[in-house]
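# Structural description and commentary
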Amino acid sequence: MMSLSTGQRQQGPLPHFQSQTEISMVHYKRWAVAGLAAATFSFGGQAIAQQKWDMPTGYPAANFHTENIQQFAKDVDQATGGKFKITVHDSGSLFKANEIKRAVQGGQAQMGEIIISGFSNENALLGLDSIPFLATSYAEADKLWKASKAATSTALAKQGIKVLFTVPWPPQGIFSVKPIQSVADLKGVKWRAYNPNTSRIAQLAGAQPVTVQAAELTQALATGAVTTFMTSGATGYDSKVWEQVKYYYDVSAWLPKNMVIVSQKAFDGLDKPTQAALLKVAEAAEARGWKTSAEKNSWYLDQLRKNGMTVDAGSPALRAELKKFGDTMVADWVKQVGADGQAIVDAFKK
Ligand code: PCA
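Here goes a summary of the coordinates provided. All of these numbers come straight from a predicted model, not from anything done at the bench.

### Focus: the site of the ligand
I115, W169, Q172, R192, Y194, A214, T231, S232, T235 and P256 make up every residue found near the ligand. Between the ligand and Q172 there is a distance of 3.0 Å, counted from an oxygen atom to a side-chain nitrogen or oxygen. Here R192 contributes a side-chain N or O atom positioned 2.8 Å from an oxygen atom of the ligand. Burial of the ligand by the surrounding chains reaches 100%, relative to a free accessible area of 260 Å². Within the shell around the ligand, the residues separate by chemical class into 5 nonpolar, 4 polar and 1 charged.

### Re the pairing of strand β1 (residues 51–56)
Among the 6 residues of β1, 5 are classified as buried, and the element is accordingly described as predominantly covered. Here β1 runs beside strand β2 (residues 84–89); their pairing, made up of 6 bridges, is parallel. Within β2, the position partnered with M55 by the bridge is V88. Tracing the backbone out of β1, into helix α2 (residues 64–79) and back to the parallel element β2 gives a crossover that is right-handed.

### Thoughts on unusual backbone geometry
One non-glycine residue, S91, adopts positive backbone phi at about 60°. With respect to the helices, strands and loops of the structure, S91 is situated in the loop between β2 and α3 (100–106). Here S91 falls in the partly exposed class, since its relative accessible area comes to 32%. Located in the positive-phi region is F133, a residue other than glycine, with phi close to 60°. By the secondary structure assignment, F133 is in the loop between β3 (111–115) and α4 (138–157). Accessibility expressed as a relative area gives 17% for F133, which makes it buried.

What counts and how
- Residues numbered from 1 in each chain as written.
- Predicted model: local features only at pLDDT ≥ 70, side-chain atom pairs only at ≥ 80, totals over all residues.
- Heavy atoms only, no water.
- Near = heavy atom within 4 Å.
- Polar contact = N/O pair within 3.5 Å; in protein donor to acceptor, adjacent residues only side chain to side chain.
- Areas by Shrake-Rupley, 256 points an atom, 1.4 Å probe, with all protein chains shown as cover.
- Nonpolar A, V, L, I, M, F, W, Y, C, P; charged D, E, K, R; others polar.
- Buried < 20%, exposed > 50% of the residue type's maximum accessible area, 1.4 Å probe, protein only.
- Helix = DSSP H or I, 4+ residues; strand = E, 2+ residues; numbered from the N terminus.
- Pairing = 2+ DSSP bridges.
- Right-handed = clockwise from strand over helix to strand, strands pointing away.

What follows is the structure, encoded as structure tokens:
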């Protein structure tokens, strides 16, 4: 076995990096080189160097979002005749899920995948994507995205971010170590949250919210840091939650979306044919992702059952109470966002 000198780190996909500062420097250099290559291509029309980008994501390799993104990277490679390589760094290995947006904004990564609703503390607009019982099916999630896409893209553009595509998670239900009949059973439980809205739900239910990213969920369950949470069957499966958690209430409260974003500056550094190829491949990835999410939903629930979990639709009382939380959260959201927010809700409900 290779021996490591002090200061070297063995884990992670890039073992030759010695510190976070060094990672940033290498990214900065790669970016500078990539920009230069694009310029050579545009002006000279020859001596084409390869573009190499890094793409951090927060979810595991076998997750359907990650597989879709790997396919996207392959398609980009193929569409550009091997001139544009995107390396996907999954599981929060390059940047943790909640750091990816800032990394793209700051130029440490050219592109990345984020969950839209993870950033509603920065901009309330982004919280619409994760409100209980507003949009509860794939068709409604699509309608909600169509109603909010322009405003979302404009808000992110102001931060130097270009939206490439979105893909929804399967519907969100409640996982729990103990059976849950109604919201009263959530009082005092250690509730895992993945965004500000899931923390807010805990607050409304009198539970104790603890923010844990998907990559750390298995560990948080194993140590008993959390016992109850809302997410999809997909994340329940990815995290093998059945080792601690026995109940899943498939209330289908909302379908949060992941979004693949690119730094506008990095995008502008690509030559026109490469930009066009990227956009075309992104469009295909979006269509494929929405389809796969819907198709895999029941498979994920089957896996939970096969691993000994009780899966049911949740009691009418539980659903009704969560719906009330949703009504409160929509009203709060409109208050925070203002007239533009009301217009989005109206367009969605039309
Ligand atoms: N999985 C992600 C977000 C929503 C989902 O279904 C998570 O639990 O972090």
